[in-house]
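Report on the structure
Given next are the chains, with one letter for each unit.
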Amino acid sequence: MVKTIAITNQKGGVGKTTTAVNLTAILADMGQRVLVVDLDPQGNTTSGLGLKAGDKSIYEALMGRETLRACLQDTAVRGLTLAGADIRLAGAELELVEAERREFRLKEILAQVKAGYDFVFIDCPPSLSLLTLNALAAADRVLIPIQCEYYALEGVTSLMNTVNRVKRTLNPALDLEGVLLTMLDGRTNLGLQVVDEVKKHFRKKVFATTIPRNVRLGEAPSHGEPIHLYDPRSTGAEAYRSLAREVLARNGK
């Protein structure tokens, strides 16, 4: 059964898009059929996979101008398909305000294609916007990356309140897939303290895998490649392989 997972955090710079690109690519490399939806107008998941949104993007699909199937692109990773985005997607926020069933547009178009995949991942914008609400209404689970820094949990309470509100009003089946600790510098006491704090807060929902600070992870997007293609032996690549194995285990695959 296909599992739809929204990757979200209202804070920017927490490793959300890095996770969207690398987790999906490695899951596909492990034999899963994966669709990644770039729902961020910055389009960083799209460029991080070495692609451009082109004339047919997730924006056109959300607006009903194209079918979602017509907007999908193959990536360099076999088994990984992209619904790309660029700055045009920012217009969807305004255009959807007066639309009927505006929170369910993404869910409705995903229904056209999702049966062909094992996983659908949605990279959300770094805000609690109408696009994010669409992602939460369409998802089965939420994956929250949290950076190992001083204000790690700042805003997460607000995000969880939104998730719970969506669960009550739009998507009763929505649940937390897990919390991912990112950008960990294990040499600092602060990083380790943040790990302890997040684990106390979310308990068993925290992934055992932590994503380290890694130069190669930072370089890979400029080359349009996921980390397992750019530098398969890097600590970043091994961390995302470990995370992929955890996701498969949590979903009985």
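Just above sits the structure.
Residues numbered from 1 in each chain as written. Predicted model: local features only at pLDDT ≥ 70, side-chain atom pairs only at ≥ 80, totals over all residues. Heavy atoms only, no water.

**Some thoughts on helix 8 (residues 189-202)**
The end-to-end C-alpha distance of helix 8 is 20 Å, a good match for the 20 Å that 14 residues give at a rise of 1.5 Å each. Along helix 8, the residues classified as buried are Gly191, Val194, Val195, Val198 and Phe202. Projection of helix 8 onto a plane perpendicular to its axis shows the buried side chains occupying an angular sector of 105 degrees, all on one side. What points out from helix 8, more than 90 degrees from its buried face, is the exposed set Asn189 and Lys200. Contacts made by the buried residues of helix 8 are with strand 6 (141-147), helix 7 (156-169), strand 7 (175-184) and strand 8 (206-212). Arginine 203 sits one or two positions beyond helix 8 and adopts a positive phi of about 55 degrees. (Helix = DSSP H or I, 4+ residues; strand = E, 2+ residues; numbered from the N terminus. Expected span 1.5 Å × (residues − 1). Buried < 20%, exposed > 50% of the residue type's maximum accessible area, 1.4 Å probe, protein only. Arc of directions from axis to C-beta. Contact = heavy atoms within 4.5 Å.)

**So, the sheet that holds strand 3 (residues 72-74)**
Within a sheet, adjacent strands bond to each other through the backbone by hydrogen bonds, running parallel or antiparallel. The eight strands lie next to each other as 3-4-2-5-1-6-7-8, forming an open sheet whose pairing is mixed. Across the chains shown, the open sheet's two edge strands, defined by having one partner strand only, are strand 3 and strand 8. Strand-to-strand twist in this sheet, taken as the mean axis angle between neighbours without regard to direction, amounts to 25 degrees. As defined by bridge partners, strand 3 adjoins strand 4 (residues 80-83) across three bridges and the pair is classed as antiparallel. Across the sheet, leucine 72 pairs through a bridge with alanine 83, a residue of strand 4. (Pairing = 2+ DSSP bridges. Axes fitted to C-alpha atoms, helices over the stretch in contact; angles between N-to-C directions.)

**Section: the layout of surface pockets**
Looking at the largest pocket, its volume works out to about 330 Å³. Those elements giving two or more residues to the lining of the largest pocket turn out to be helix 1 (16-29), strand 7, strand 8 and helix 9 (215-219). In terms of residue count, the dominant contributor to the lining of the largest pocket is helix 1 (three residues). Residues belonging to the lining of the largest pocket are distributed by class as follows: eight nonpolar, ten polar and four charged. (1 Å grid on protein atoms, 1.4 Å probe; cavity = no way out; pocket = protein on both sides within 12 Å on 5 of 7 lines; lining within 4 Å. Points joined across faces, edges and corners; volume = space filled by probe spheres on them. Nonpolar A, V, L, I, M, F, W, Y, C, P; charged D, E, K, R; others polar.)

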